[in-house]
Amino acid sequence: MGTGDTPGEGELPETALGGPISYAIVRLGRIHRLRAAQLLREAGLHTSQELLMMRLWDSGPQRQVDLAAWFDTDSASMSRTVQRLERAGYVRRVPDPDDRRATLVEPTPASLALRREVQRIWTELERLTVGELTAEQQRAVLGLLRQMESSLLEPSAAE
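Definitions and cut-offs
Residues numbered from 1 in each chain as written. Predicted model: local features only at pLDDT ≥ 70, side-chain atom pairs only at ≥ 80, totals over all residues. Heavy atoms only, no water. 1 Å grid on protein atoms, 1.4 Å probe; cavity = no way out; pocket = protein on both sides within 12 Å on 5 of 7 lines; lining within 4 Å. Points joined across faces, edges and corners; volume = space filled by probe spheres on them. Helix = DSSP H or I, 4+ residues; strand = E, 2+ residues; numbered from the N terminus. Nonpolar A, V, L, I, M, F, W, Y, C, P; charged D, E, K, R; others polar. Phe/Tyr/Trp six-rings, centres within 6.5 Å; stacked < 30°, edge-to-face > 60°. Lys NZ or Arg CZ within 6 Å of the ring centre and 35° of its normal. Contact = heavy atoms within 4.5 Å. Pairing = 2+ DSSP bridges. Axes fitted to C-alpha atoms, helices over the stretch in contact; angles between N-to-C directions. Parallel < 35°, antiparallel > 145°, perpendicular 65-115°, else oblique. Core = buried A, V, L, I, M, F, W, Y, C linked by side-chain atoms within 4.5 Å. Buried < 20%, exposed > 50% of the residue type's maximum accessible area, 1.4 Å probe, protein only. Patch = residues over 30% accessible without salt bridge, like charges linked within 9 Å, V, L, I, M, F, W, Y side chains within 5 Å. Areas by Shrake-Rupley, 256 points an atom, 1.4 Å probe, with all protein chains shown as cover. Salt bridge = Lys/Arg side-chain N within 4 Å of Asp/Glu carboxyl O.

Visitor: Hey, could you run me through the layout of surface pockets in this one?
Guide: Rolled over the atoms, a probe sized like a water molecule indicates the empty space that remains. Taken as a whole, the largest pocket spans an internal volume of roughly 1,400 Å³. Residue lining of the largest pocket: 31 residues in total, with Leu28, Gly29, His32, Thr129 and Leu145 positioned closest to the centre. Looking at the lining of the largest pocket, the elements with two or more residues in it are helix 1 (20-42), helix 2 (49-59), helix 5 (111-130) and helix 6 (135-153). Residue contributions to the lining of the largest pocket peak at 11 residues, all from helix 1. Of the residues assigned to the lining of the largest pocket, the class counts are 18 nonpolar, seven polar and six charged.

Visitor: Looking at this structure, I do not really get the packing of aromatic side chains. What am I missing?
Guide: Any aromatic ring pair is given by two values, namely how distant the centres are and how the planes are angled relative to each other. As enumerated under the stated definition, the model contains zero aromatic pairs in all. In this structure, arginine 55 is placed above the aromatic ring of tryptophan 70, and the distance from its NZ or CZ to the ring centre is 3.7 Å.

Visitor: Would you mind showing me how to read the environment of threonine 73 here?
Guide: Tracing the backbone through its elements, the reader meets threonine 73 in the loop between helix 3 (64-70) and helix 4 (75-87). Residues threonine 73 and arginine 115 lie 42 residues apart in sequence; the distance between their C-alpha atoms is 23 Å. Setting aside chain neighbours within four positions, we find threonine 73 in contact with Ala68 and Met78.

Visitor: Sorry if this is basic, but what is going on with the pairing of strand 3 (residues 99-107) here?
Guide: The two faces of a sheet get side chains in turn, since along a regular strand they alternate between them. In the sheet, strand 1 (residues 62-63) pairs with strand 3 via two bridges, with the strands oriented antiparallel. Note that in strand 3 the partner of glutamine 62 across the bridge is valine 105. With six bridges connecting them, strand 2 (residues 91-96) and strand 3 associate as antiparallel partners. Note on strand 3: the bridge partner recorded for arginine 93 is valine 105. Between the antiparallel neighbours strand 2 and strand 3 lie two residues.

Visitor: Teacher, can you tell me more about the packing of helix 2 against helix 4 here?
Guide: Between two packed helices, the angle of one axis relative to the other and the distance separating the axes together describe the packing. The interhelical angle for the contact between helix 2 and helix 4, taken along N-to-C directions, is 80°, at an axis separation of 11 Å. The angle between helix 2 and helix 4 falls in the class roughly perpendicular. In this structure, helix 2 contributes Gln49, Leu52 and Met53 to the contact, and helix 4 contributes Met78, Thr81, Val82, Arg84 and Leu85. Partitioned by chemical class, the residues of the contact of helix 2 with helix 4 number five nonpolar, two polar and one charged.

Visitor: Help me understand the nonpolar core, please; the structure alone is not making it clear to me.
Guide: What tends to happen in soluble globular proteins is that the nonpolar side chains get buried as a cluster. Among the nonpolar cores identified, the biggest contains 21 residues, and Leu45, Leu52, Met53, Leu56, Leu85, Val91 and Leu114 are the most heavily contacted of them. Elements supplying a minimum of two residues to this core: helix 1, helix 2, helix 3, helix 4 and helix 5.

Visitor: What is the right way to look at a nonpolar patch on the surface in this model?
Guide: Together, Ile21, Ile25, Leu133, Val141, Leu144, Leu145 and Met148 make up a nonpolar patch on the protein surface, roughly 580 Å² of accessible area in all. Secondary-structure elements contributing two or more residues to the nonpolar patch are helix 1 and helix 6. The element contributing the most residues to the nonpolar patch is helix 6, with four residues. Its relative accessible area of 37% is what places valine 141 among the partly exposed residues.

By themselves, these observations are geometric and do not establish any function.
This is how it looks when you write it as structure tokens:
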């Protein structure tokens, strides 16, 4: 990020005065995503492709339509992501044996080396993110983030 890209630390636009925590979350999310993108580029991945791979590594083959629903994206976007990972040799699409109209996406054996790289990247991203926070501070932050996530997921938050 260059000078002038974003307001400086602690600066809050007047229109965001009613939501300083929300504004801080947006800023943090943007910076975190940029740093993640930098690290993932080293592995030849774009942001969010690693999340798709994590899902496949942890849950096994998935129907492409279910992946789109899981990631709350449209089927065209999911199809493009899967195609890119397929071209890189990390996933393959196979017919679903239970429903020949559906396609399963599964990780390839070649993706195992990528898995180790993604684990390394996420460890590095975590180190950069928490900086000098103590283990106790990290637990507290994680608890607060989970609490905020839960608040946003409550039905009353959607009204």
